[in-house]
Amino acid sequence: MDEFKQITSHPEKGATILSHISWLEDVVPVVLAHHERYDGRGYPRGLRGEEIPLLSRILAVADAFDAMTSDRSYRKALPVPVAINELKRHAGGQFDPRVVEAFMRILGEYKGEEEE
């Protein structure tokens, strides 16, 4: 299996693992779709917009923010303002713009800032 196929198979693998835990059955579709893109260019099924479960769209934003702001073995964490700009830049493409907007409001409240 080539590297890209391995990387893109993780939502299906995660959903399969969770499907064996009865009390997590409602989470399976969320995990399966968390790498779908709002513009339809995601994986594994190429869902777009409202076809993607809302919880998956929320998880996509939270997961991306966490990935960008966490140290990795191959790179240092990005500063929070850079991660925020990336989420805003990809709103409407990779991410649901309403979810990004809500995330920005919550982040602003957490940091004690008021959004304009």
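Here goes a summary of the coordinates provided.

1. Details of the overall build of the protein chain
- Tallying secondary structure elements over the protein chain gives six helices and zero strands in all.
- Referenced to the eigenvectors of the C-alpha coordinate spread, the extents of the protein chain come out at roughly 45 × 30 × 30 Å.
- Expressed as a percentage of the 116 residues in the protein chain, the buried residues total 34%.

2. A look at the side chain of His-34
- Note on placement: His-34 falls in the loop between helix H3 (28-32) and helix H4 (54-68).
- Side chain to side chain, His-34 and His-35 meet in a polar contact 3.3 Å long.

3. Brief notes about a nonpolar patch on the surface
- Together, Leu-54, Leu-55 and Ile-58 give the surface a local cluster of nonpolar side chains, amounting to about 280 Å² of exposed area.
- Locating Leu-54 in the fold gives a position in helix H4.
- Leu-54 sits in the partly exposed class, given a relative accessible area of 47%.

4. Looking at the packing of H4 against helix H5 (residues 80-89)
- At a minimum axis distance of 9 Å, the contact between H4 and H5 shows a crossing angle of 145°. Where H4 crosses over H5, the two elements pack in a sense that is right-handed. Note on element contacts: H5 touches H4 through Val-80, Ala-83, Ile-84, Glu-86 and Leu-87, opposite Val-61, Ala-64, Phe-65 and Met-68.
- In terms of residue class, the contact of H4 with H5 is built from eight nonpolar, no polar and one charged.

5. Focus on the nonpolar core
- Val-61, Phe-65, Leu-87, Phe-95, Val-100, Phe-103 and Met-104 are the most contacted members of the largest nonpolar core, which has 14 residues in total.
- For this core, the elements supplying multiple residues, two or more each, are H4, H5 and helix H6 (97-110).
- Membership of the second largest hydrophobic core comes to five residues, among which are Ala-15, Leu-24, Val-28 and Val-31.

6. Some remarks on helix H2 (residues 10-19)
- The complete set of buried residues in H2 reads Pro-11, Gly-14, Ala-15 and Leu-18. Looking straight down H2, one finds that the buried residues subtend no more than 100° of arc, so they occupy a single side.
- Next to the buried residues of H2 lie helix H1 (3-8) and H3.

7. Side note on the environment of Pro-97
- The residue Pro-97 is located in helix H6 in this model.
- Looking at Pro-97, the relative accessible area reads 33%, which means it is partly exposed.
- Each C-alpha atom of the pair Pro-97 and Leu-87 lies 9.0 Å from the other, and the pair is ten residues apart in sequence.
- Discounting residues that sit within four places of it in the chain, Pro-97 has contacts with Tyr-38, Ala-91 and Gly-92.

8. Here we look at the pattern of salt bridges
- As enumerated under the stated definition, the model contains nine salt bridges in all.
- Note that Glu-50 is salt-bridged to Arg-98, the shortest N-O span being 2.4 Å. Of this pair, Glu-50 sits in the loop between H3 and H4 while Arg-98 is found in helix H6, placing the two residues 48 residues apart along the sequence.
- Looking at Arg-98, the relative accessible area reads 48%, which means it is partly exposed.
- Two residues, Glu-86 and Arg-89, come together in a salt bridge whose shortest N-O distance is 2.9 Å. Separated by three residues within a single helix, Glu-86 and Arg-89 lie in helix H5, roughly one turn from each other.
- Residue Glu-86 is classed as partly exposed on the basis of its relative accessible area of 23%.

Conventions used here
Residues numbered from 1 in each chain as written. Predicted model: local features only at pLDDT ≥ 70, side-chain atom pairs only at ≥ 80, totals over all residues. Heavy atoms only, no water. Helix = DSSP H or I, 4+ residues; strand = E, 2+ residues; numbered from the N terminus. Buried < 20%, exposed > 50% of the residue type's maximum accessible area, 1.4 Å probe, protein only. Polar contact = N/O pair within 3.5 Å; in protein donor to acceptor, adjacent residues only side chain to side chain. Patch = residues over 30% accessible without salt bridge, like charges linked within 9 Å, V, L, I, M, F, W, Y side chains within 5 Å. Areas by Shrake-Rupley, 256 points an atom, 1.4 Å probe, with all protein chains shown as cover. Salt bridge = Lys/Arg side-chain N within 4 Å of Asp/Glu carboxyl O. Axes fitted to C-alpha atoms, helices over the stretch in contact; angles between N-to-C directions. Left-handed = near helix turned anticlockwise from the far one by under 90°. Contact = heavy atoms within 4.5 Å. Nonpolar A, V, L, I, M, F, W, Y, C, P; charged D, E, K, R; others polar. Core = buried A, V, L, I, M, F, W, Y, C linked by side-chain atoms within 4.5 Å. Arc of directions from axis to C-beta.

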